[in-house]
Amino acid sequence: MRKVIGIGETVLDIIFRDDAPIAAVPGGSTFNCLISLGRCGVKASFISETGNDRVGKRIIRFLEENGVDSSSVSVYPESKSPLSLAFLNERNDAEYIFYKDHPKDRLDFNYPEVNENDIVVFGSYYAVNPVIRPQVSGFLEYAKSRGAILYYDVNFRASHKDEVMKLTPNILENLELADILRGSTEDFDVMFHKTDADAIYRSQISFYTKKFICTNGSQPVELRADGGFKKQYAVVNPSSDTHHPSPIVSTIGAGDNFNAGFIYGLIKNDITREQMEAGLTEHQWDSVIGYAMKFSENVCKSLNNYVDEAFAKDIKM
């Protein structure tokens, strides 16, 4: 059975509206992706770190409750688990403040087993952090050598914009390792001062990887791929669905669950690394991005960072 291995941060997301806390949920970009996949019956494993505190114990318990293997999560007794404050605006988009107490940043883990056609998802600051870069890049190189498909979600926040120059070598190495790259126009504006998908792909991406997905909130998803293939996919706003209207409650997990749906689609359609390298058909792209958008749409309907149980039950493998 194919599996998904994620590597990334864990945080407790404390969500605010009108400056008042309204929810606190376990989170982290790759974490959110794996929770949704675990709920949908996909075999998943998570590589991360947390503190030996109440928050850390809750995060590990939450992984296990949702079918995600937590045996590669390192627990550091002298560290406090990271927190993220997410302030929702009138459109229910979030602005973040992060708190992390890891005075002795390190990442010690045993590599989970990686087999051909498994999928590795990585991204955010975690994937470029110089302090743990040797361990992260070592694992990615190992996964690539084992025949895994590598999915890179850039997820580069404005809070790190002053570090772009310093982190560029790590970013470029990730681009070179990636089989599929996804990022938002906000990410690329911070990194490259560009928001046009064609300009980003032509000048920054295509030299390293040919499969590029650019998301832009409620605007259409832009796809660029091998052989000059390009396509645009309109985003369905849940509140505009005349049959099942549902207000957007929070967009915090939208991108993370786009990733989850895309990866779910790769497995559901039995798309292998060999097929990825040969180039996907338009029908295959339509299917996997269709799943990505369904997952993303579902997560916007609640304050949780992952697809809900009813959605997961309907789609479960």
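The structure reproduced in this document is the subject of the present report. Residue positions are given per chain, counting from 1 as you read along its sequence in written order. At least 70 in pLDDT is required for a residue's local features to be given in this predicted model, at least 80 for side-chain atom pairs to be given and counted, and no such filter applies to totals for whole chains, interfaces and linings, which use all residues. Remark: hydrogens and water are excluded; side-chain values derive from all non-hydrogen atoms of the structure.

Details of the overall build of the protein
- Across its full length, the protein carries 10 helices and 13 strands.
- For the radius of gyration, the atoms used are the C-alpha atoms, and the globule rule reads 2.2 Å times the number of residues raised to 0.38. Against the 2.2 N^0.38 benchmark of 20 Å for 317 residues, the protein shows a C-alpha radius of gyration of 18 Å, consistent with a compact globule.
- Each principal axis of the C-alpha distribution contributes one length, and for the protein these read about 50 × 45 × 40 Å.
- Categorising residues by exposure relies on relative accessible area from a 1.4 Å probe, with only protein chains included: less than 20% of the type maximum marks a residue as buried, more than 50% marks it as exposed, and the intermediate range marks it as partly exposed. Residues classed as buried in the protein amount to 56% of the 317 residues present.
- Restricting to contacts in the protein with at least 6 residues of sequence separation, those with at least 24 account for 72%.
- A total of about 14000 Å² of accessible surface is found on the protein, and carbon and sulfur atoms cover 50% of it.
- Two residue types count as positive, namely Lys and Arg, and two as negative, namely Asp and Glu; His and chain ends fall outside the count. Where a charge lies is defined by one atom per residue type: Lys uses NZ, Arg uses CZ, Asp uses CG and Glu uses CD. Side chains of the protein carry 34 positive and 44 negative charges; the gap between the two charge centres is 2 Å. Put simply, DSSP H or I for four residues or longer makes a helix, DSSP E for two residues or longer makes a strand, and each gets a number counted from the N terminus. The contact criterion used is simple: two residues touch if any of their non-hydrogen atoms lie within 4.5 Å. Per-residue and other accessible areas were derived by the Shrake-Rupley procedure at a 1.4 Å probe size, with only the shown protein chains allowed to occlude residues.

Comments concerning the sheet that holds strand β10 (residues 180–184)
- Strand pairing is assigned whenever DSSP identifies at least 2 bridges connecting the two strands. The strand order across the open sheet formed by nine strands is β5-β4-β1-β8-β9-β10-β11-β12-β13, and the pairing between neighbours is mixed. Since the sheet does not close on itself, it has two edges, and those belong to β5 (68–76) and β13 (230–233), each with one partner. Strand-to-strand twist of the sheet, defined as the mean angle between neighbouring strand axes without regard to direction, takes the value 15°.
- Relative to strand β9 (residues 149–153), strand β8 (residues 119–123) runs parallel, the two being bridged by five bridges. Looking across to β9, one finds that G123 is bridged to D153.
- Each axis is a line fitted through C-alpha atoms, taken for helices only over the stretch in contact, and angles between the N-to-C directions span 0 to 180 degrees. With respect to the sheet, helix α3 (residues 133–145) is in contact with β1 (3–7), β4 (43–51), β8 and β9, its orientation differing from that of β8 by roughly 155°.

Regarding the environment of T30
- Among the structural elements, T30 can be located in helix α1 (residues 29–39).
- Each C-alpha atom, one on T30 and one on K301, is 20 Å from the other, the two residues being 271 residues apart in sequence.
- Whenever a nitrogen or oxygen atom comes within 3.5 Å of another N or O atom, the pair is scored as a polar contact, on the condition that within protein one atom can donate a hydrogen and the other can accept it, and that pairs from neighbouring residues in sequence are kept only if both atoms are in side chains. Within polar-contact distance, the side chain of T30 engages the backbone oxygen of I7 at 3.5 Å.

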